[in-house]
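So the chains spell out like this:
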Amino acid sequence: MANLYPYIFSEDARKQSEFYAQALNGEVVSVQTFEQAPDVNPELKDKVMHLTLSAADQIFFMADSVQEPVQLGTQLNLVLEYKTEDEARTVFENLSEGGKILMPFEKMFWGAMFGRVEDKFGLTWQITTEHE
């Protein structure tokens, strides 16, 4: 079984999340900046690497788009979180068939297995395991 989370990329994740929190009677639960990542470009240190928003009885993930400008159709990823690495790896490999691996499925510094893939239909998925 997996949990599904919308992942929204933004030009200003803090501002956009505050709007959603107010509009949907929610709250920003956590914000992590690139300053917390190893070997970060100093120009990115204050940018949002990962933000969790709880609103409308849902969890939304957000981040500042730092690699490419936000364009309609590219600002949303679907995140599937699995309990086991085997289950997550199988799904990652299945979605990769005929698609493009954007980030290999591997252990991340925050403790989870993680990878990004664009499927053959152009939809971007983030496949992850629960944090340790």
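You'll find the structure just up there.
Caption draft 1: Representation of the sheet that holds strand 1 (residues 2-10) in the model. The strand order 2-3-4-1-5-8-7-6 describes an open sheet built from eight strands, whose pairing is mixed. Each of the sheet's edge strands pairs with one partner strand only, and the pair in question is strand 2 (27-33) and strand 6 (100-107). For this sheet the average axis-to-axis angle between neighbouring strands, irrespective of direction, equals 20 degrees. As defined by bridge partners, strand 7 (residues 113-118) adjoins strand 8 (residues 124-129) across five bridges and the pair is classed as antiparallel. Looking at the pairing, Glu 118 lines up with Thr 124 of strand 8. Sheet strands touched by helix 1 (residues 13-23): strand 1, strand 2, strand 3 (48-55) and strand 4 (58-64). Its angle to strand 3, the strand with the most contacts, is close to 0 degrees.

Caption draft 2: Spotlight on the packing of aromatic side chains. One pass over the full model with this rule turns up seven aromatic pairs. Taking the centre distance of 5.1 Å and the plane angle of 25 degrees together, the rings of Tyr 7 and Phe 9 count as stacked. Residue classification places Tyr 7 among the buried residues on the basis of a relative accessible area of 6%. For Phe 9, a relative accessible area of 18% puts it in the buried group. Each ring, one from Trp 110 and one from Phe 114, has its centre 5.5 Å from the other, and the planes form 70 degrees; the classification is edge-to-face. Since its relative accessible area comes to 9%, Phe 114 is described here as buried.

Caption draft 3: Examining the nonpolar core more closely. Counting residues in each nonpolar core, the largest one holds 11 residues, listed as Leu 80, Tyr 82, Ala 88, Val 91, Phe 92, Leu 95, Phe 105, Met 113, Val 117, Trp 125 and Ile 127. Those elements giving two or more residues to this core turn out to be strand 5 (76-82), helix 2 (85-96), strand 7 and strand 8. A total of four residues in this core trace back to one element, the largest contributor, which is helix 2. When residues no more than four places from it in sequence are discounted, the contact partners of Ala 88 are Tyr 82, Phe 105, Ile 127, Thr 128 and Thr 129. Among the nonpolar cores identified, the runner-up in size contains nine residues, and Ala 21, Ala 55, Phe 60 and Met 62 belong to it.

Caption draft 4: Here's a closer look at the pattern of salt bridges. Evaluation of the coordinates by the stated rule reveals three salt bridges. Two residues, Asp 46 and Lys 45, come together in a salt bridge whose shortest N-O distance is 3.6 Å. Residue Lys 45 is classed as partly exposed on the basis of its relative accessible area, which comes to 34%. Taking the shortest distance from any N to any O, the salt bridge between Glu 130 and Lys 83 comes out at 3.3 Å. Here Glu 130, found in the segment after strand 8, pairs with Lys 83, found in the loop between strand 5 and helix 2; they are 47 residues apart in sequence, far enough to count as distant. For Glu 130, a relative accessible area of 33% gives the class partly exposed.

Rules used in this analysis
- Residues numbered from 1 in each chain as written.
- Predicted model: local features only at pLDDT ≥ 70, side-chain atom pairs only at ≥ 80, totals over all residues.
- Heavy atoms only, no water.
- Pairing = 2+ DSSP bridges.
- Helix = DSSP H or I, 4+ residues; strand = E, 2+ residues; numbered from the N terminus.
- Axes fitted to C-alpha atoms, helices over the stretch in contact; angles between N-to-C directions.
- Contact = heavy atoms within 4.5 Å.
- Phe/Tyr/Trp six-rings, centres within 6.5 Å; stacked < 30°, edge-to-face > 60°.
- Buried < 20%, exposed > 50% of the residue type's maximum accessible area, 1.4 Å probe, protein only.
- Core = buried A, V, L, I, M, F, W, Y, C linked by side-chain atoms within 4.5 Å.
- Salt bridge = Lys/Arg side-chain N within 4 Å of Asp/Glu carboxyl O.

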